[in-house]
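# An overview of the molecular structure
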Amino acid sequence: MASLLRFRKLCYVEPAVSKCSFLSVDKVIKKHDNQSCIPPPPPPPPPLRKITNDGDKRKVLRRRRDPKEWRCLDWCCWMIGYICTTWWLLLVLYNALPGFEVPESPGIKLKKEGLTPLHPVVLIPGIVTGGLELWEGKPCADGLFRKRLWGGSFTEIFKRPLCWLEHMSLDNETGLDPPGIRVRAVPGLVAADYFASWYFVWAVLIENLAKIGYEGKNMHMAAYDWRLSFQNTEVRDQALSRLRSKIELMYVTNGNKKVVVVPHSMGVLYFLHFLKWVEAPSPMGGGAGPGWCAKHIKSVMNIGPAFLGVPKAASGLFSGEAKDVAFARAMAPGVLDSEILGLQTLEHVMRVSRTWDSIMSLIPKGGETIWGNMDWSPEEEYDCDPTKTKYIQSALTESSQSTNETDGKLGFKVKDPVKYGRIISFGKTTSQVQSSNLPSFDPKEISRGRHQHKSKSSCGDVWTEYDEMSRESIRGVADNKAYTAKTLIDLLHFVAPKMMRRSEAHFSYGIADNLDDPKYSHYKYWSNPLETKLPDAPDMEIYCLYGTGIPTERSYVYRTSPTERCKSIPFRIDSSVGGSGDGCLRNGVYFVDGDESVPVLSAGFMCAKGWRGKNRFNPSGIPTYIREYKHKTPAFFEGRGLESGAHVDIMGNVALIEDVMRVAAGATGMEIGGDKIYSDILRMSERINLRV
């Protein structure tokens, strides 16, 4: 009875809980009816007070809540606990069970074999992987002196994006610093060991070299401002002179041991330029004279080399896109193309990147001879579905032995080869039809409308050179047109004449007929392996080290952009276009074999044929070796993989690191196994009709 009175008083005094369940009352009554003795008197009730507001009501509810009730925080804590426990158990199993042991690092393995430092090592980073820091800037960059604008946390992009873009741009006319801005390369090994705190580039190779005894006195990172043209790194920063001095110093201080140079990606072209510069007469060259390379360089181990350029560079300059950007743009157009927020991210990216002359060094070289024409390409028999390649080849072989007729008896139709030579095609049909059905691109024919400027009152300042083109010119570029490596240069000259004027002054993309012609002594030809000779250094070795087995961008299907707004890019990859089940065409991009960024053709041709043996490009017969690394998708616990062939992840590939370390310790190309080839590079090279 006392319990009933207390319950009634509670409901009368505290109406906020007056909606109590009668089930609770029944439980109280039942509890006391079952007891054999009178329970002790309850504690005195709290003093009566009037509930005046919602806050008091919430306090009363919290006081009356069942203590066993789970809250959101409890669930989160338990979930975190379960995840951590599961991760710990899996980690224990990974390290304890047979077959799941963490593999021994190459450095420890080779140290046990007795390898010690012999040749000094110089590392040369590629494009975008080296850090850049601010030395002088505009008022909007206050507080950023000697802080990284590129590489590291990238927090400044989000804090002050327009200011960051202004400081990362170069002058449109000179290709050097804009007035009042100085951005310079971060010096030392920290320049490119990590691109971000969680994304290694050179760090794994540096660590393994250190395990056999390498340190600062015999290992050097030749950092440079990767935005500049190669010759301008010397004009502004004397980077080529400093690289020469560093190599000479390391040669002398390490017992007159020749240097092993390890460039990556675009750094391969940068060092190729250096090999010619250092022996060329001053003031254009370093003035060291013939024989300098033979005296100082043991080996050049090119990782992920882009000797003949990459198609994605042309796509980036043309529309600011590659396959990943095009896919993201299709999935979330509001992020990159928002007209409400005025983001126009791709337009900003293009405006800045078109001032980086280094990107122009990656435009495909060799024209149609190397990359193919409208109806032919070296990769024309490449099948994007490796599971059926062997079946088709064996079936074709049997058919050719039994009959000269078509293969209708085989039960399937062999598809027409993909026309990879059409690097840019407007429309899927244009990328596949016979060339006789396509109109040609004549810049003179449509140039009359090139300079019909848009109204400055509606467009404001010009962002990209597309703002200077009329809609008639844009349609003339796109209507059923396709572009090969040769006409692509004409296309870029038409849509971006200011950019290509700078490009013409620093780079060339052709094939030399006569390498003894005096014109090839100009620095614009030095980074093109098809327009320059290797140095007279018969004891030097050149390696092409690259990954295979990853679909890599080769050509693109484009469409015109529907927007008529100002400051916009009028062309875009048509990511809605796909192919049949074979997968060669996906999201508007045709793929071939490569390392995800550089096709095998560009990475391996010079070592497979262009420089193989004594020829006009390699007069002293420098030995060349191809070392391919077949890509293996990393396991769950391997991070970015120990056997990855991807363009940057290959820097952590155990086999590649071991090859570099053995050569640095004194091994020759033959001693590490000579050529190691998984791709079709030899057959592709034979299809290319290049006089060597």
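Note that the structure is a prediction, hence the values are computed from the model and not measured. (Residues numbered from 1 in each chain as written. Predicted model: local features only at pLDDT ≥ 70, side-chain atom pairs only at ≥ 80, totals over all residues. Heavy atoms only, no water.)

## So, the overall build of the protein chain
When helices and strands are counted, the protein chain shows 26 helices and 17 strands. For the protein chain, the residues scored as buried account for 50% of the 692 residues in total. If you take every contact in the protein chain between residues at least 6 apart in sequence, the share linking residues at least 24 apart comes to 74%. Per element, the accessible surface of the protein chain, about 33,600 Å² overall, is 57% carbon and sulfur. (Helix = DSSP H or I, 4+ residues; strand = E, 2+ residues; numbered from the N terminus. Buried < 20%, exposed > 50% of the residue type's maximum accessible area, 1.4 Å probe, protein only. Contact = heavy atoms within 4.5 Å. Areas by Shrake-Rupley, 256 points an atom, 1.4 Å probe, with all protein chains shown as cover.)

## Describing the environment of Ala141
Along the chain, Ala141 turns up in the loop between strand S2 (132-136) and strand S3 (148-150). Residue Ala141 is classed as buried on the basis of its relative accessible area, which comes to 6%. Taking the C-alpha atoms as reference, Ala141 lies 8.5 Å from His167; in sequence the two are 26 residues apart. In contact with Ala141, not counting residues within four places along its chain, are Leu134, Arg160, Cys163 and His167.

## Focus: the packing of helix H22 (residues 485-495) against helix H23 (residues 497-506)
In contact at an axis separation of 5 Å, H22 and H23 are set at 125° when each is read in the N-to-C sense. Relative to H23, the element H22 lies oblique. In this structure, H22 uses Ile489, Leu492, His493, Phe494 and Val495 to contact H23, whose residues at the interface are Pro497, Met500 and Glu504. For the contact of H22 with H23, the per-class residue count stands at 6 nonpolar, 1 polar and 1 charged. (Axes fitted to C-alpha atoms, helices over the stretch in contact; angles between N-to-C directions. Parallel < 35°, antiparallel > 145°, perpendicular 65-115°, else oblique. Nonpolar A, V, L, I, M, F, W, Y, C, P; charged D, E, K, R; others polar.)

## With respect to the sheet that holds strand S9 (residues 297-303)
On the basis of which strands lie adjacent, the open sheet formed by 6 strands has the order S7-S1-S8-S9-S12-S17 and parallel pairing. Each end of this open sheet is capped by a strand with a single partner; those strands are strand S7 (219-221) and strand S17 (624-630). Going across the sheet, the axis of each strand differs from the next one's by a mean of 15°, ignoring polarity. As defined by bridge partners, strand S1 (residues 121-124) adjoins S7 across 3 bridges and the pair is classed as parallel. Within S7, the position partnered with Leu123 by the bridge is Met221. Contacting S1, strand S8 (259-263), S9, strand S12 (541-548) and S17, helix H25 (residues 654-664) runs over the sheet at an angle of about 170° to S9. (Pairing = 2+ DSSP bridges.)

## Focus on the state of the cysteines
Counted under the stated rule, the structure contains 2 disulfides. The residue that forms a disulfide with Cys140 is Cys163, at a sulfur-sulfur distance of 2.1 Å. What sets the handedness of the Cys140 and Cys163 disulfide is the S-S torsion sign, and at about 80° it is right-handed. Here Cys140 is found in the loop between S2 and S3, whereas its partner Cys163 is found in helix H7 (residues 161-168), with 23 residues between them in sequence. Each sulfur in the disulfide pair Cys544 and Cys607 lies 2.1 Å from the other. Sign of the S-S torsion, about 75° for the bond between Cys544 and Cys607, identifies this disulfide as right-handed. (Disulfide = S-S within 2.5 Å.)

## A short note on unusual backbone geometry
At the junction of Ser282 and Pro283, the peptide bond is cis and its omega measures out at 5° in the coordinates. Here Pro283 is to be found in the loop between helix H11 (266-279) and helix H12 (292-296). Positive phi values are uncommon outside glycine, yet Ser265 reaches one of about 55°. Using a relative accessible area of 10% as the deciding quantity, one classes Ser265 as buried. Residues other than glycine seldom take positive phi values, yet Asn480 does so here, at roughly 55°. Among the structural elements, Asn480 can be located in the loop between helix H21 (471-478) and strand S11 (482-483).

## So, the pairing of S9
Extensive coverage of S9 is indicated by the burial of 7 of its 7 residues. Sheet topology places S9 next to S12; 5 bridges connect them, and they run parallel. Bridge pairing in S12 links Val300 to Ile542.

## Observations regarding the sheet that holds S3
If you walk across this open sheet you meet the 3 strands as S3-S2-S4, and the pairing is antiparallel. The strands lining the two open edges of the sheet, one partner per strand, are S3 and strand S4 (182-185). Averaged over neighbouring strand pairs, the angle between their axes works out to 45° when direction is ignored. For S2 and S4, the ladder comprises 4 bridges, and the chain directions are antiparallel.

## Observations concerning the pairing of strand S16 (residues 589-594)
Where burial is concerned, most of S16 is hidden: 6 out of the 6 residues are buried. Sheet topology note: the strand S15 (residues 585-586)/S16 ladder contains 2 bridges and is antiparallel. Bridging across to S16, Leu585 finds its partner in Tyr590. Where S15 folds back onto S16 in an antiparallel hairpin, the turn is made up of 2 residues, including Asn587, whose phi is positive at roughly 55°.

## Details of the packing of aromatic side chains
All told, the structure shown has 27 aromatic pairs when counted by the stated rule. An angle of 75° between the planes, with centres 6.3 Å apart, marks the rings of Phe318 and Phe426 as edge-to-face. In this pair, Phe318 is assigned in helix H13 (residues 311-319) and Phe426 in strand S10 (residues 424-426), connecting sequence segments 108 residues apart. Phe426 shares its class with Phe318; the two are buried. For Arg354, the ring lying beneath its charged end belongs to Tyr466, and the centroid distance is 4.9 Å. Of note, Arg640 hangs over the ring of Tyr199, and the distance from its end group to the ring centre comes to 3.7 Å. (Phe/Tyr/Trp six-rings, centres within 6.5 Å; stacked < 30°, edge-to-face > 60°. Lys NZ or Arg CZ within 6 Å of the ring centre and 35° of its normal.)

## Some remarks on the confidence of the model for the protein chain
Here the protein chain shows a mean pLDDT of 82. Residues at 70 or above account for 75%. In this model residues 388-414 is a low-confidence stretch, pLDDT under 50, and it forms 16 contacts with partners more than four residues away in sequence or in other chains. Confidence drops under pLDDT 50 across residues 452-458; counting only partners more than four residues distant or on other chains, this segment forms 11 contacts. (pLDDT = per-residue confidence, 0-100.)

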